[in-house]
Amino acid sequence: MKKLILSFFALAALSTALLAQNETPAKFKLYGFIRNYAIFDSREVKAGTEDLYFYMPVDENKLANGTDLNATPSFRLLSLTTRLGLDVSGYQFGSMKLNGKVEADFYCKSGSTAILRLRQAYIGLTWDKLGKNAENSFLLTIGQTWHPMAADMPHIVNLETGAPFNPFNRSPQIMANYSFGKKVTLTAGAIYGMQYLPVGPTSNDDLKVTKSANYMKYGLIPEIYAGITLKPTSSFTAKVGANLFTIKPRWKDGLGPLSDRLITVSPFVFLQYTGKNGLQIRAKSIFAQAGEHMNLLTGYGVSKINNDGSWEYTPMRSTASFISAQYGKKWQVMGMIGYMRLLGTSEDLIDTDHYWFNNSGVSNIRQMFRATPTLAYNLGKLTLAIEYNLTGVQFGAKSSMDAKGLVQDNLHWVLNHRILTMAKFTF
């Protein structure tokens, strides 16, 4: 027995020694920035995070004498979204390479006191030299990071980084990337909404719009993404992909479980060109069915109430696009032009009460645009920038909303002029 125990410990020690020879220690890098904003708006706006995360100007509210009560300017000076992060890289166990990231920033989730919140927390597992081609590789990402449709953002310095013209979403996910050399990458995986959520009814008896993770939780099926990335040259990148998103806005009532389910598919395309002296041009367009969980201004409603009490749903369809560019290194000029338009629901709504629109915006809009010319000065790791943001929204009378969810009467444009300055020290 004694010899057996000694043999076991000897084998364990030998195994540990052999494994240690195939193990490379990890490297750690602390990073982040201190960021300060000053913001002026020419009128009242729909915005979050102490008005830093800007969606749109609010509609007119005119008195009998023609005075618009919402044409009230405002000013903010904020140090929110200062960021801290830790990158882990270089760890290798056998043929498997591991990296990871933990990232947080200071953010006003509620109230006016900034708290530390988790932005990203993921691990990446990589296997190189797969198959006959030594350049083939496989990357599996597990954890919370950027949604694949949101990752490539326009060239701007504001907090919303292109939303609602660009999808904006970080969520827990399992995402697989198989690269055929450096020119083709196939991506597919599952995503679960956490911070960025779809909208729906508060309850079976209360149709007021709210955001909740329960719609996906009880729907059982995570969001599915599939796409392809092409890099024919070092200067050009193209991406095409789509997401399958399904939720249960109602999952039970007093009589038991419900069969309600909304199913949507939203494709997108992205193009990028990189040239000399910091030149980069990006363009992206998405055809969205619903998509509130990606911070797009859209929604869905009920198209039919069945005899068994279940509801059938129809998504609001919309397009959201941007083109952006930047040039220079020490002195940088950059900017974005964005446009979005509601296209109507795919089927008729039964009424406007059973219709839920992203409550970061309002449902009585038809289209909107944004232009953001920006000048930045980079002095080492210090960046000073000024951005002019012109956003226009076409509103209509909510009472004139048709069966497709589109307003028809009293169409008018409302403009907001936002001037934003930023000072950021990156470390």
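Note that the coordinates shown come from a computational prediction; the quantities given were computed from them, not determined experimentally.

Scoring rules and cut-offs
Throughout this document, residue positions are counted from 1 along each chain, in the order its sequence is written. Only residues with pLDDT of at least 70 are given local features in this predicted model, and only at 80 or more are side-chain atom pairs given and counted; all residues enter the totals for whole chains, interfaces and linings. As a rule here, side-chain values come from all non-hydrogen atoms in the structure, and water together with hydrogens is ignored. Only DSSP runs of H or I reaching four residues or more are called helices, and only runs of E reaching two or more are called strands; each is numbered from the N terminus. In this scheme, a residue with accessible area under 20% of its type's maximum is buried, one over 50% is exposed, and one in between is partly exposed, where area comes from a 1.4 Å probe on protein chains only. For this analysis, a nonpolar core means a set of buried residues of the types Ala, Val, Leu, Ile, Met, Phe, Trp, Tyr and Cys, connected via side-chain atoms within 4.5 Å. The criterion used for residue contact is that any of the two residues' heavy atoms lie within 4.5 Å. Any pair of N or O atoms that falls within 3.5 Å is considered a polar contact. Within protein, one atom must be able to donate a hydrogen and the other to accept it, and sequence-neighbouring residues count only if both atoms are side-chain atoms. We define a salt bridge as a contact between a side-chain nitrogen of Lys or Arg and a carboxyl oxygen of Asp or Glu at a distance within 4 Å. To pair, rings of Phe, Tyr and Trp, with the six-membered ring standing in for Trp, must have centres within 6.5 Å; the planes then decide the type, stacked if under 30 degrees apart, edge-to-face if over 60, and tilted in the middle. In our convention, an over-ring charge means Lys NZ or Arg CZ found within 6 Å of a ring centre and within 35 degrees of that ring's normal. Should DSSP find at least two bridges between two strands, the strands are taken to pair.

Examining the environment of glutamine 272
Mapped onto the elements of the fold, glutamine 272 is located in strand β18 (residues 262–274). Given a relative accessible area of 13%, glutamine 272 falls into the buried group. Measuring from C-alpha to C-alpha, the distance between glutamine 272 and arginine 282 comes to 4.5 Å, with 10 residues separating the pair along the chain.

Observations regarding the nonpolar core
Grouped together as the largest cluster of nonpolar side chains are 52 residues, with contacts concentrated most on Met56, Ile286, Leu297, Met340 and Ile365. Broken down by element, this core gets its largest block of residues, 4 residues, from strand β22 (residues 331–345).

Points about the environment of serine 321
Along the chain, the position of serine 321 falls in strand β21 (residues 311–327). Owing to a relative accessible area of 23%, serine 321 belongs among the partly exposed residues under this scheme. When the C-alpha atoms of serine 321 and alanine 283 are compared, they prove to be 7.5 Å apart, with 38 residues separating the residues in sequence. Here serine 321 is in contact with Phe165, Lys284, Ser285, Ile337, Gly338 and Tyr339, once residues within four sequence places are set aside. Only 2.7 Å separates the side chain of serine 321 from the side chain of serine 285, close enough to count as a polar contact.

Here we look at the pattern of salt bridges
Applying the stated criterion across every chain, the model contains 14 salt bridges. Here glutamate 103 ties to arginine 119 by a salt bridge, and the two come within 2.8 Å at their closest N and O atoms. Of the two residues, glutamate 103 is situated in strand β7 (residues 96–107) and arginine 119 in strand β8 (residues 115–128); the sequence distance between them amounts to 16 residues. Measuring nitrogen to oxygen at the nearest pair gives 3.2 Å for the salt bridge that ties lysine 404 to aspartate 348. Taken as a pair, lysine 404 in the loop between β26 (382–395) and β27 (412–426) and aspartate 348 in the loop between β22 and β23 (355–357) lie far apart in primary sequence, 56 residues in all. Residue class for lysine 404 comes out partly exposed when judged on its relative accessible area of 28%. Residue class for aspartate 348 comes out partly exposed when judged on its relative accessible area of 42%. Within this structure, Glu103, Asp105, Arg117 and Arg119 form a network of salt bridges that share partners.

Side note on the packing of aromatic side chains
For the structure on display, the rule yields 15 aromatic pairs. Ring centres 5.7 Å apart and planes at 70 degrees place the aromatic pair phenylalanine 168 and tyrosine 196 in the edge-to-face group. In this pair, phenylalanine 168 is assigned in the loop between β9 (137–146) and β10 (170–180) and tyrosine 196 in the loop between β11 (184–191) and β12 (199–201), connecting sequence segments 28 residues apart. Phenylalanine 168 sits in the buried class, given a relative accessible area of 5%. Through a chain of ring-to-ring contacts, the aromatic side chains of Tyr53, Tyr55, Trp146, Phe168 and Tyr196 assemble into a single cluster. Here the basic side chain of arginine 170 rests over the ring of tryptophan 146, its NZ or CZ set 4.8 Å away from the ring centre. Across from the ring centre of tryptophan 311, 3.7 Å away, lies the NZ or CZ of arginine 250, which sits over that ring.

Quick notes on the pairing of strand β14 (residues 223–230)
The two faces of β14 differ: Glu223, Tyr225, Gly227 and Thr229 on one face are buried, but Ile224, Ala226, Ile228 and Leu230 on the other face are not. Taken together, the 8 bridges between β11 and β14 define a ladder with antiparallel strand orientation. For leucine 186, the partnering residue across the bridge sits in β14 and is isoleucine 228. Across 7 bridges, the pairing between β14 and strand β15 (residues 236–247) is antiparallel. Residue pairing for β15: alanine 226 is matched across the bridge by alanine 242.

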